[in-house]
Amino acid sequence: QVRKLNRQLAEDLYAMRMAEMTRERLHRGHDAMAVPLPPALKLSVADGWCYIYFAQRDSMVKIGKTIDVAKRLKTLQTSNHGPIILVAATLSHSALERAVQQRFSHLRESGEWFRLAPELAAYIDGVKRGLNPVSLLSDEAPTEHQGGVE
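Residues numbered from 1 in each chain as written. Predicted model: local features only at pLDDT ≥ 70, side-chain atom pairs only at ≥ 80, totals over all residues. Heavy atoms only, no water.

1. A closer look at the overall build of the protein chain
Then, number 1: The secondary structure content of the protein chain amounts to four helices and five strands.
Then, number 2: Start at the N end of the protein chain and walk to the C end: the helices and strands fall as α-β-β-α-β-α-β-β-α.
Then, number 3: By residue count, 41% of the 150 residues in the protein chain fall in the buried class.
Then, number 4: The long-range fraction of contacts in the protein chain, counting pairs at least 24 apart against all pairs at least 6 apart in sequence, stands at 55%.
Then, number 5: Looking at the protein chain as shown, the accessible area adds up to about 8900 Å², and 54% of this sits on carbon and sulfur atoms. (Helix = DSSP H or I, 4+ residues; strand = E, 2+ residues; numbered from the N terminus. Buried < 20%, exposed > 50% of the residue type's maximum accessible area, 1.4 Å probe, protein only. Contact = heavy atoms within 4.5 Å. Areas by Shrake-Rupley, 256 points an atom, 1.4 Å probe, with all protein chains shown as cover.)

Here you go:
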């Protein structure tokens, strides 16, 4: 029961923050989900809000967090041999990164790199479709997915 309440609280906080940021972005004439954020909405480590991103290299996916997705991808690319492709990113609290990594810990290959199994591909697909990333972590979330990340 406590887990359910904690999950509901996290979902409510996520929805409120996303709605607030979307309203602010639309008020300023920006696309609601475009990157980067306008200066008034710059993220900081102090407030805990960041982007949780999924970057793919071959059959591996890095699950990480950053304040600047483009800058982080550039850094990742310079330290990797093959091309790295951003497959999804979502604005969230930084605590989500650890929760996602724990949920898929059985797929961990090295550090923040995970094997792209169907259940991880399904989670990423849900994030890409704009579903709440906290809700997708629940045991009731679908885990079947055909193919890789589209």
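And the narrative resumes.
2. As for the nonpolar core
Then, number 1: With 22 residues, the main nonpolar core has F54, V100, L120, Y123 and I124 as its most contacted residues.
Then, number 2: Those elements that place two or more of their residues in this core are β1 (49-57), β2 (60-66), β3 (85-93), α3 (95-103) and α4 (118-128).
Then, number 3: Of all hydrophobic cores here, the second largest spans ten residues; its members include Y53, A55, V69 and L91. (Core = buried A, V, L, I, M, F, W, Y, C linked by side-chain atoms within 4.5 Å.)

3. A short note on the environment of A88
Then, number 1: With respect to the element layout, A88 can be found in strand β3.
Then, number 2: In this structure A88 comes out as buried when scored by relative accessible area, which is 6%.
Then, number 3: Along the backbone, A88 and R129 are 41 residues apart, and their C-alpha atoms lie at a distance of 9.4 Å.
Then, number 4: When near neighbours in sequence (up to four residues on either side) are disregarded, A88 contacts I52, Y53, F54, I124, V127 and K128.

4. Some words on the sheet that holds strand β5 (residues 113-115)
Then, number 1: Pairing within the open sheet is antiparallel, and its five strands lie in the order β3-β1-β2-β5-β4. Unpaired on one side and paired on the other, β3 and β4 (108-110) mark the two borders of the sheet. In this sheet, neighbouring strand axes are inclined to one another by 30 degrees on average, regardless of whether the strands run parallel or antiparallel.
Then, number 2: Bridge count for β1 against β3 is eight bridges, and the pairing is antiparallel. Across the sheet, residue A55 finds its bridge partner in β3, namely L86.
Then, number 3: Packing against the sheet, α3 makes contact with β1, β2, β3, β4 and β5, and its axis sits at approximately 160 degrees to β2. (Pairing = 2+ DSSP bridges. Axes fitted to C-alpha atoms, helices over the stretch in contact; angles between N-to-C directions.)

5. Description of the pairing of β2
Then, number 1: Counting buried residues along β2, six of its seven residues qualify, which places the element largely inside the surrounding structure.
Then, number 2: Connecting β1 to the next strand, β2, in antiparallel fashion are two residues, including D58 with a positive phi near 55 degrees.
Then, number 3: Sheet topology note: the β2/β5 ladder contains three bridges and is antiparallel. Looking at β5, one finds that V61 is bridged to F114.

6. Overview of unusual backbone geometry
Then, number 1: Of note, D58 is a non-glycine position whose phi angle comes to about 55 degrees, a positive value.
Then, number 2: With respect to the secondary-structure elements, D58 resides in the loop between β1 and β2.

On their own, these measurements won't tell you what the molecule is for.
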